[in-house]
Structure formats: structure tokens, C-alpha cells
Amino acid sequence: MLGAALNVVVRRPVAQRLVSFAVLTTSLAVAVATLIETISGDDVVASRLGGWPSNIAITLVADRLSAVMTVIALSVSAVVLLYAVGQRGVDKTSPVYHPVYLVLVAGISQAFYAGDLFNMFVAFELLLMASYVLMTLEARDEQVRSGATYVVLNVIESAVFLSALGLVFAATGTVSMAELPERLAALPDGVRTGINLLLLVAFGMKAAVFPLYFWLPDAYPAAPSSVTAVLAGLLTKVGAYAILRTETLLFPGGQSNLIMVIAGVTMIVGVVGAISHRNVKRILSFHIVSQIGYIVMGIGLATEAAIAATVFSLVHHILVKTSLFLVGGIVEHVTGESSFDKVGGMVHRSGFLGVLFLVPALSLAGLPPFSGFLAKFLLIREGLDEARWWLVGAAAVAGILTLVSMTQIWVGIFWGEVKPAVEPHVRGVLRQVPLMSTATIAIVIATLLVAAFAGPIHDFSMSAARVLLDPSIYIEAVRGS
Amino acid sequence: MSLTLTFLIGVLFASGTYLVLQRTMTRIIIGVGVLANGVNFLILAAGSRQGSAPIVGVEGEPTDPVPQALILTAIVIGFAVTAFLAALAWRLHGIEGSDVVEDDVEDRRNDRIRSVTDDTSGAPDHEDVRE
């Protein structure tokens, strides 16, 4: 936030970039330190601002899930910022880009660390506001149109969240997430279910699950590609994180048929939508919806292994989705188009770019040995253990269709004759955009590292799941600190 | 918490929702404001009981300050979002000449395909995000 304020004052692009990167790296260092603390020290690190007792204090809480999400969010934001700087687009022309970007990252981090519902609400509003601005910054026609829809829909989501907040406070007398589990359990069943559903609707709109996902494929393709990458990679995951938090901490109740059904339908609907389009950004936006379905599937199954699979999927998907959008952005930047009819044969122009696409694409589709395979394998195995055949079937079908869609993109954009035609002496694609390429390569390597270090990451996810499924650890940490 | 207040909240939510579902940006913005007010009233009505001001030293039983804080924050946030929406509507007006929110790109494409009755090739137009 400090960086954002500084960036508003400092107007020259070079200085703005310096401030942004300095702030992001410092925050990343702090986040990594917190992560290490949650692994080696206490399971949950809590801090009550002002020292007030826990039911009225503003608490910042980091358990393994929050810590790892923040670390990934900050590192991805830093890398995408590098990409945006390389794109030489809005980041130079508008003095507002850098401050707003930092506000976005601040909101995301705060949402992960929020220890009470109202802090989370404020964080959501912060990052939503920043995303409204970033999405419409270039003020192109399509951006304004899609932006209007996006803003109105998110305003409705905020209204639902705030109503749920008000009702929670009225029913229990607190909004602190440490105090809520006990008090919510004491409520009559109907009231508790109602509040649960209301919160699910609010967070579901953010996470883009069925039937609340319609805004996503409309709004995301219109933004500049670096913005789409960060929004796609992170914002929906914040919604998914919120769902995970509410279902494990506030309403621990084991498996939920409703959530499982939602997950299954989301998976299928998202990928069917992806197949029916011919524009890369729109296809990838539909895939976000589908993959969120997988993540929510883990939440629905609610066993320790399933939650661990969810955590693993969150980590994997942020990286893979961001890298796919970045590659799509490079294609769009170099050729000026992103539709199948207008672009083709990219692999002939740059084989390496093809590789950069293939790695995350196959990972998304769930092919071994990539991280996507592990994430889906964990989820499906847990689904089989719990004998939810239809859910496993949906996951498998969605996986196959994802592969189909990725192949479509490959054939449409990367194979075939080179369109638009280029002179033979034009330099290689990647060398034209060095910063963007570096950023993309970095994230693709990160996805490979997730696959390579899957063992330790899975262990980490299992311990994160253990902490998540035992609310008392969280509660005691917040009360005691 | 009086019946009138509850009724008012219901009316605000209903009219706010109706307005937000309209076609014109102006109505949408008003609807957003009405909806936000409805939510704020909800917090007020559900969360606090009648009493005196929550300041130390005032006599009588003080009300709970927490919902008031929540509402204040929500009002400020709502104000900022409404301002941004108004700017967006202004820009939309500059582009379109009116502030009607257009159909989604997909719907427009499908309408176009449906209206082309003599298109025998079977291949629809492909104009996605960039028109």
C-alpha cells in the first residue's frame, strides 16, 4: 500500500517501476518468512492489531494455506509486472497503472491474511476496485463495455457479501473468524445454513463457479493481457480460498453434496464453453471456470486428502493459468490478433514459444508428468475413495475435453501456415519481446518445479489440510497471541 | 428493530435489484446506490439495538459501535464504486452515444448468425473480442 501511495506521487515511469519492484520483493521476503514460520514454528501465526481481545480485534492470521497463497500471489505478481513492463503498454502511458497494480496485490495479500470477515470484505473491495481500474485502463470500447458488466456484477457480489456479513454479526455478535465457529455452531440449523449459502453465493460469484460464472468469459478477454494474466491467476483463487476458509473453518461439517454438484457442473460447463470458441483469451477464460470446478471438488469431498489436493491444485493452477495467459499475450502482442482465424503457424516462427505453450497446456489437461496430472490424480483418487462415481466421471470427462481444447489451440494458433504472413528476415518472436519472454519462461519453469518437487509440496499440502480441518488450532492461535 | 425499517429494507432491495437489471447505465447506477443503502440498513437493523451514542460518559445504555463502523466503511466503499461506475457510464456514453449497456459479444454474434438465413456454408462469422 505504501508503494502504491509512493507511486502516485512519483510520476516518471522508470521510478514507478523501481518502487513497484522494490515493494513487491520486500513483501515477498516477508511472506516467505511467514511461510517458513508456519512450517517450522507454530502452525498458525496470528497477530491482533492493537492488542484487543480476539473477538473485536482486527486479526491477521497466517496458516500454511494463507502463507503459501500469499507467497505465490506475490511472486506471480512480481513476474507479471516484469511482463507488463516489457509490454510497454499502459504501464508507461498511464501514471496510474503501477499504484493501482500495487493496490491490487495489497488487496490480494490482505484477503489471504484476513482474520475476520470484515477485513476480508475490505480486502475484496480493495482488490475489486483495483481490478476495475486495471481492466478499463486503456479505455478501449470493448473494455468499457465488458468493464461495465464486470463492475456491476461485482457490486452485486459485494452487496451479497455485505448482507451476509451483517446477518452473521446480527446472529453471532462477532465477525472474527476465530470466534465464529463456536457461535455459528450454536445457531439454529436453518439460520446457519442460510448464512452458509449466502456466503457461498458471494464467494462463488468471485470464484466463478456455476451458476455464477457468466461474467468471467465476458470480462476477462477485454483487458490487456498482463492484467488478464494476473486477474485470471489470482482473483478467482481468492474467491476459491474464501470458500475453502468458510467451509473448513466456519462451517465444518464434512462432505457437502451441494458443493460437489456445483463442482461437477462447473467443470463440465467450463470446458464445453472453451471448446466452442475460437479466441485464445476467451477459451482460456472458460478454462478458468472449469479448473475452479476441480478446486471446489476437493472442498466438497472434505477429507484431509481432498483438501490437500485442493491446496495442491490451487498452487498448480495459479502458475499454469498465468503462464498460459502470458503466452497468449505474447502471441497477441507480436501478431496483433488472438483469434484462430487470424493467427496461425506460430510454431514455425518460434519453436520455443510452442514449447512454452505446450508445457502449461498439457499440465492443464492433466497429462503426466506435469503438475496438472498430479493435481487431478489426487482429486480423482479421493473421489474414488469416497465412491462419488459421478463426480469422478465428470472430472475425467472434463479432463479429456480440456485436452481437446488445448489441442484446438495448438492446431489453431501454432500449427498450419503462418498467418499473418511475415517477411523471412523478421527476428524470432521471443527475441522481439525479451522481458515478456523472460517473465513467461520464469512462470513455466515454476510449473515444472511444482511437478518436480511434487513430493514435498504434497506433504506441505497434507499438513495444511490437517491444520485446516482442525479449527481449534486456528482459534487457539488467534486467542492466545 | 421496527417493522417499518424491515419493510423499508425489503423495498430497497427489491427496487435496487430491479434497477440493476435494467438496460441503461444511469438506472443501473441508481440501482447500485439503492441496493447499497438497503444493505447498510440491513446491517443497522439486524445488528444494533436502540440506545444512546456509544461514547464514554454519555448516560444510558450505549449502542453497539461495531455495526456503525461496518456501515460507515460500506458507505465509503459504495461511494467510491458508484463514482467509478459513473465515470464508466460517461465513457460508454462517449463511445456509444447513449448509455445503454450492449449485449455480450457472444449474444450479438449469435443474433447475427441467426439473422443470416441464406448462409449455406455453415461457417459462422468469427468475430470474438475484437470487433
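The rules behind these values
Residues numbered from 1 in each chain as written. Chains lettered and ligands numbered in written order. Predicted model: local features only at pLDDT ≥ 70, side-chain atom pairs only at ≥ 80, totals over all residues. Helix = DSSP H or I, 4+ residues; strand = E, 2+ residues; numbered from the N terminus. Buried ≥ 20, exposed ≤ 12 C-beta atoms within 10 Å, placed from the backbone. Contact = placed C-beta atoms within 7 Å. Axes fitted to C-alpha atoms, helices over the stretch in contact; angles between N-to-C directions. Parallel < 35°, antiparallel > 145°, perpendicular 65-115°, else oblique. Left-handed = near helix turned anticlockwise from the far one by under 90°. Nonpolar A, V, L, I, M, F, W, Y, C, P; charged D, E, K, R; others polar. Expected span 1.5 Å × (residues − 1). Core = buried A, V, L, I, M, F, W, Y, C linked by C-beta atoms within 7 Å. pLDDT = per-residue confidence, 0-100.

Trainee: Explain the overall build of chain B to me, using residue names and the numbers behind them.
Mentor: On a plain count of helices and strands, chain B comes out with 4 helices and 0 strands. Mapped from its N terminus to its C terminus, chain B presents α and β elements in the order α-α-α-α. A total of 131 residues make up chain B; the buried ones form 27% of that total. Of the contacts made within chain B by residues no fewer than 6 positions apart, 44% connect residues no fewer than 24 positions apart.

Trainee: An account of the overall build of chain A is needed here, citing residue identities and associated values.
Mentor: Counting secondary structure elements, chain A contains 22 helices and 2 strands. Residue burial in chain A is summarised as follows: out of 481 residues, 63% are buried. Intrachain contacts of chain A at a sequence separation of at least 6 include 79% that bridge at least 24 residues.

Trainee: Tell me about the packing of helix α9 (residues 189-207) of chain A against helix α11 (residues 225-250) of chain A, residues and numbers included.
Mentor: Residues and elements named next belong to chain A. The contact between α9 and α11 brings their axes to 7 Å, and the two run at 155°. Classed by the angle they form, the pair α9 and α11 counts as roughly antiparallel. When the axes of α9 and α11 are compared, the crossing they make is left-handed. From α9, L199, L200, F203, G204, K206 and A207 reach across to α11, where they touch T236, V238, G239, A240, A242, I243 and T246. Across the contact of α9 with α11, the residue classes tally to 8 nonpolar, 4 polar and 1 charged.

Trainee: Please set out the interface of chain A and chain B residue by residue, giving values where relevant.
Mentor: Listed per partner, the contact involves 36 residues of chain A and 32 residues of chain B. Listed by contribution, the elements that provide at least two residues to the side of chain A that touches chain B are α6 (117-135), α7 (141-172) and α13 (280-301) of chain A. Among the elements that make up the side of chain A that touches chain B, the one with the highest residue count is α7(A) (19 residues). Here the residues of the side of chain A that touches chain B sort into 19 nonpolar, 8 polar and 9 charged.

Trainee: Lay out α7(A) in plain terms, naming residues and giving numbers.
Mentor: Residue and element names in this part refer to chain A. Its 32 residues place the ends of α7 46 Å apart at the C-alpha level, agreeing with the 46 Å of an ideal helix rising 1.5 Å per residue. When you tally the buried positions in α7, you get 26 out of 32 residues, the bulk of the element. Positive backbone phi, at 85°, marks G173, one or two positions downstream of α7.

Trainee: Which residues make up helix α14 (residues 304-335) of chain A, and what values go with them?
Mentor: Relative to the 46 Å expected for 32 residues at 1.5 Å per residue, α14(A) spans 46 Å between its end C-alpha atoms, a close match to the ideal helical length. Of all 32 residues that make up α14(A), 29 are buried, and the element is covered over most of its length.

Trainee: Tell me about the nonpolar core, and name the residues and values.
Mentor: In this structure, L127(A), L134(A), L165(A), V296(A), V315(A) and A395(A) are the most contacted members of the largest nonpolar core, which totals 208 residues. Among the elements that take part in this core, α14(A) stands out by supplying 18 residues, more than any other.

Trainee: Talk me through the confidence of the model for chain A; I want residue IDs and the actual numbers.
Mentor: Per-residue pLDDT for chain A averages 77, and the proportion of residues at 70 or more is 82%. At the low end of the mean pLDDT range in chain A sits helix α1 (residues 2-9) of chain A, at 55; at the high end sits α6(A), at 86.

Trainee: Which residues make up the environment of Y220(A), and what values go with them?
Mentor: All names here are of chain A. Of note, Y220 is situated in the loop between α10 (215-219) and α11. What makes Y220 buried here is the crowd of 27 C-beta atoms within 10 Å. Considered as a pair, Y220 and Q143 are 77 residues apart in the sequence and their alpha carbons are 9.2 Å apart. With residues up to four places along the chain from it excluded, the contact list for Y220 reads T228, L231, A232, K281 and S285.

Trainee: Outline the packing of helix α16 (residues 351-365) of chain A against helix α18 (residues 389-414) of chain A, listing residues and values.
Mentor: All names here are of chain A. α18 packs onto α16 with a crossing angle of 165° between their chain directions and a minimal axis gap of 9 Å. Looking at the two axes, α16 sits roughly antiparallel to α18. When you trace α16 past α18, the crossing you get is right-handed. Residues G354, F357, A361, L364 and A365 of α16 form the contact with α18, whose own contacting residues are G399, T402, L403, M406, I409, W410 and F414. Looking at side-chain class alone, the contact of α16 with α18 contains 9 nonpolar, 3 polar and no charged residues.

Trainee: Residue-level account of the environment of F357(A), with values.
Mentor: Residues and elements named next belong to chain A. Its place among the elements puts F357 in helix α16. Separated by 162 residues in sequence, F357 and I195 have C-alpha atoms that sit 42 Å apart. Discounting residues that sit within four places of it in the chain, F357 has contacts with V327 and F414.

Trainee: Explain the environment of T402(A) residue by residue, including any values.
Mentor: Residues and elements named next belong to chain A. Relative to the helices and strands, T402 resides in helix α18. Sequence separation between T402 and I268 is 134 residues; the distance between their C-alpha atoms is 9.6 Å. Excluding residues within four positions of it along the chain, T402 makes contact with V271, H287, S290, L364, A365 and G366.

Trainee: Can you explain unusual backbone geometry? Please cite residues and give values.
Mentor: Residue and element names in this part refer to chain A. For A208, which is not glycine, the phi dihedral falls at a positive 65°. Here A208 is to be found in the loop between α9 and α10. On the basis of neighbour counts, which here come to 28 C-beta atoms within 10 Å, the residue A208 falls in the buried class.

Trainee: Explain the confidence of the model for chain B to me, and be specific about the residues and the numbers.
Mentor: It should be kept in mind that the predicted coordinates are not to be read in detail where pLDDT is low. Residues and elements named next belong to chain B. For chain B, the mean per-residue pLDDT works out to 76, and 69% of the residues sit at or above 70. Mean pLDDT values over the elements of chain B span from 68, in helix α4 (residues 105-115), up to 89, in helix α1 (residues 3-20). Within the model, the stretch residues 118-123 combines pLDDT values under 50 with 0 contacts to residues more than four positions away or in other chains. Every residue in residues 125-131 is under pLDDT 50, and counting partners more than four places away or in other chains gives 21 contacts. The ipTM, which scores confidence in the relative placement of chains, is 0.80 for this predicted complex, and the corresponding pTM is 0.84.

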